[in-house]
Amino acid sequence: MRIFELAKELNISSKDLLAKLRAMGIEAPNHMSALADEQIAQVREAVGGKPAKPEAAPEKPAAAPEQPEPAPPATPEPEKVEPPAENVYIVKGPIIVKEFADVLKLKPNQLIAELMMMNIFAAINATIDFKVAQKVGEKHGVKVEQEKAAPPPPPPPPPPSKKKEKKEEEEAKGGEELRPPVVTFLGHVDHGKTSLLDYIRKSSVVDGEDGGITQHIGAYMVEHMDRPITFLDTPGHAAFTAMRARGANLTDIAVLVIAGDDGVMPQTREAIQHAQAAEVAIIVAINKSDLPGSNPDRVKQQLQEMGLTPEDWGGDIICCPVSAHTGQGMDHLLEMILLQADMLELKANPRQSARGFVIEARLEPGMGPTATFLVSDGTLKVGDAVVCGSTWGRVKALMNDKGHKVRTAGPAAPVKVMGLTSVPDAGSEFIACASDREARSIAESRQEQNRMENLTAPQRASLDNLFSQISENAQQTLNLVLKADVKGSVEAIEQMLQGIKSDKVSLNLVLTGVGNITENDILLATASNAIVVGFHVSAEGGAKAAAKRSGVEIRLYSVIYELFDQIKEAMTGMLEPEFKQRVIGRAEVRQVFSLSKRGKVAGCMVTDGRATSRAKVRVLRKNDVVFEGSLASLKRFQNDAAEVREGQDCGIRLDNFSDYQEGDTLEFYEIDKIAQAL
Ligand code: GDP
């Protein structure tokens, strides 16, 4: 029996059980580890607290708990207990530990120990939650029920009142709760990603109260064992990494779909590397189990060869045989997703204001701009002001994935949002703001920033700037995507590169593969801030364009030692230095003051980064650079300042230039001496 199975039987979390095992001196690396029969007996005894029959337990699953006596249980408080029939405990008032222990025929300290295993620390006279009592009761064969027409359970009344909500907002920090997992399907084409998603969506609709058709809003939420799971609707690692390249790291768990009759294919391997680069948990779904040619063992063998050892072979990769056609194994897959989510301990604070990412956006006739938001933290409400990339709006209406209007959307929930002033970019982040004004002003300053960024190429990793980035502490790892013509070359280069020793830089091969450089490779490089290195391969047209757009460096080699030497040089900083500009901040001219003697002063607001008195500066008007030079003075209020930070006002005079105009942007930069590559 595995730890998670025993945890389920004992009604405690796998994590708590692992802790307990450790305390008992039982070694177990993770929730997938199997326990010996005698260990199971030991645990059952310790947790279940049934000293009367220590040996009797192991063989029997908890489904048929043996009742101590079939006779009516002793009822210490007649008005609370309905004795006869099938051990039903009707709750009429608070559930007190001591009394409840009697009902369960346990000693109070046994019950207290059990509660502790559930992370509940209750004294003998403490009251316990109805739901907790239900769980514990179930384990002991006692059904705990609320008295009909009884007042709501006394301990924690969950629906938060509005007044309380406000109060809690203040105390919100640290008030994190478990949130549902966000799941993406990855894998080789035609292995069944879409079919699995469809199967899950359809079966959840059939179960649903409305029986309607789910809306395609980019993601949807289903319930399994009363717990929600969010699935992103666009399967495949290209979409997954494209979102990540835009900064939206949404996925918690990647389900790697492998057709059992086809096994691991090139894109399966690629998908694994994309998932690993994103550091998300991986669960394997071996699909098409209904086909006679399906061979799960062969798939597991292939996985193991790639270093992903299946849990039933002693590793920690959960493999679930499934069929999107027959539905076989699907419940198990969903259960494993929830288990993995438990292990990840995903948390969010539903009481704070919302933030998250745009997963889809468009202009809809009659509705204006709409976007699907995936809330990562907090709760989004109708009426909230939001800034979203460089657009903003006030949430007029929210619609969930079932097509229902809702008033709020909590952590991990996907919702379609109406009320934005323009269509945001997919992948951009949204944040709920205190007021429309704030949202609007942030959006406007971002528009300006975007305009500026369009003027200069995006700064990504390159061998040239590797060392300057290190000195800023921004990058200590050289991330590489390596593509070569044949497998042998990939392995040889990999081995040579791994042999480079550098104190300052470590090498991380984000992806290695055979074949030309594709757009997907560029996406991954963008998301991982990697350089793409090709050996005896070329970059496909789309890849070249994508690299140019996103500023990814591609280096092509045909001589292996050249490749090796250049990377080694870059990593060991043995190159001639070069000088490069680095933008450190921007300010906007808000007002121009004329001083009689000393010309004009620009009253500015630093909109991002910082302004320093020693920095170089260029003045931008619309898209044109109208002046480039250095600062004559930088003042905050009346005093000279060495540095003024984002959000602060300052007065600036430039050397040999005073033709500032309101709305001009000052861009500050420093000049770095950096190691060269070539
Ligand atoms: P995707 O490219 O990974 O999204 O794959 P699809 O979901 O489009 O499926 C590719 C093909 O495999 C389709 O013809 C599906 O009908 C078929 N397929 C998907 N799942 C199963 C399955 O469990 N059993 C069988 N027999 N066929 C499947």
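The model shown is predicted, which means the values in this text are computed figures rather than measured ones.

## A word on the nonpolar core
Counting 35 residues, the largest nonpolar core has Leu 17, Phe 100 and Leu 111 as its most contacted members. Among the secondary structure elements, those contributing two or more residues to this core are helix H1 (3-10), helix H2 (14-23), helix H3 (37-48), strand S1 (88-91), helix H4 (97-103), helix H5 (108-117) and helix H6 (130-139). Two domains each provide a minimum of three residues to this core, namely domain 1 (3-57) and domain 2 (83-146). Aside from chain neighbours lying at most four places away, what touches Phe 100 is Tyr 89, Ile 95, Leu 111, Ile 128, Ala 133, Val 136, Gly 137 and Val 144. If you look at the next biggest cluster of nonpolar residues, it comprises 30 residues, including Phe 185, Phe 231, Ile 318 and Met 330.

## Overview of the packing of H5 against H6
Where H5 meets H6, the axes come as close as 11 Å, and the angle between the chain directions of the two elements is 115°. By the criterion of interaxial angle, the relationship of H5 to H6 is roughly perpendicular. In terms of crossing hand, the pair formed by H5 and H6 is right-handed. Residues Leu 111, Glu 114 and Leu 115 of H5 touch H6, and the partners they reach there are Val 132, Val 136 and Lys 139. Tallied by class, the residues present in the contact of H5 with H6 amount to 4 nonpolar, no polar and 2 charged.

## Focus: the pattern of salt bridges
The tally for this structure, following the rule as stated, stands at 29 salt bridges. A salt bridge links Lys 143 to Glu 145, with the shortest nitrogen-to-oxygen separation between them at 3.7 Å. For Lys 143, a relative accessible area of 46% gives the class partly exposed. Taken together, the salt bridges that share partners define one network made up of Arg 586, Asp 608, Arg 618, Glu 628 and Glu 667.

## As for the state of the cysteines
Disulfide: a covalent bond connecting the sulfur atoms of a pair of cysteines. One pass over the full model with this rule turns up 0 disulfides. The thiol sulfur of Cys 319 is not disulfide-bonded, and the nearest other cysteine sulfur, from Cys 320, lies at 7.4 Å. Of the residues examined, Cys 319 reaches a relative accessible area of 8% and is grouped as buried.

## Remarks on the packing of aromatic side chains
Per the stated rule, a full pass over the model turns up 6 aromatic pairs. Relative to Phe 100, the ring of Tyr 89 has its centre 5.6 Å away and its plane inclined at 35°; by these criteria the two rings are tilted. Residue Tyr 89 is found in strand S1, and its partner Phe 100 is found in helix H4; the two are separated by 11 residues along the sequence. The buried category is assigned to Tyr 89, whose relative accessible area is 1%.

## Re the pairing of strand S29 (residues 624-636)
Two elements, strand S28 (residues 616-621) and S29, share 6 bridges in a ladder whose sense is antiparallel. Looking at S29, one finds that Lys 616 is bridged to Ser 630. Inspection of the sheet shows S29 paired to strand S32 (residues 649-654) by 4 bridges, in the antiparallel sense. Residue pairing across strands places Leu 634 opposite Ile 652, the latter belonging to S32. Bridge count between S29 and strand S30 (residues 639-640): 2 bridges; the pairing is antiparallel. Within S30, the residue paired with Arg 636 across the bridge is Asn 639. Counting the residues between successive antiparallel strands, the hairpin from S29 to S30 contains 2 residues, one of them, Phe 637, with a positive phi of roughly 50°.

## Concerning the site of the ligand
Around the ligand lies a shell of 15 residues, among which Asp 190, Thr 194, Ser 195, Asp 290 and Ala 324 are the nearest. Interatomic distance of 3.4 Å between a backbone N/O atom of His 191 and an oxygen atom of the ligand. Between an oxygen atom of the ligand and a side-chain N or O atom of His 325, the distance comes to 3.1 Å. With 3 residues, the single largest contributor to the shell around the ligand is helix H8 (residues 193-207). Taken together, the residues of the shell around the ligand break down into 3 nonpolar, 8 polar and 4 charged.

The rules behind each value
Residues numbered from 1 in each chain as written. Predicted model: local features only at pLDDT ≥ 70, side-chain atom pairs only at ≥ 80, totals over all residues. Heavy atoms only, no water. Core = buried A, V, L, I, M, F, W, Y, C linked by side-chain atoms within 4.5 Å. Buried < 20%, exposed > 50% of the residue type's maximum accessible area, 1.4 Å probe, protein only. Helix = DSSP H or I, 4+ residues; strand = E, 2+ residues; numbered from the N terminus. Domains from an automatic or database assignment. Contact = heavy atoms within 4.5 Å. Axes fitted to C-alpha atoms, helices over the stretch in contact; angles between N-to-C directions. Parallel < 35°, antiparallel > 145°, perpendicular 65-115°, else oblique. Left-handed = near helix turned anticlockwise from the far one by under 90°. Nonpolar A, V, L, I, M, F, W, Y, C, P; charged D, E, K, R; others polar. Salt bridge = Lys/Arg side-chain N within 4 Å of Asp/Glu carboxyl O. Disulfide = S-S within 2.5 Å. Phe/Tyr/Trp six-rings, centres within 6.5 Å; stacked < 30°, edge-to-face > 60°. Pairing = 2+ DSSP bridges. Near = heavy atom within 4 Å. Polar contact = N/O pair within 3.5 Å; in protein donor to acceptor, adjacent residues only side chain to side chain.

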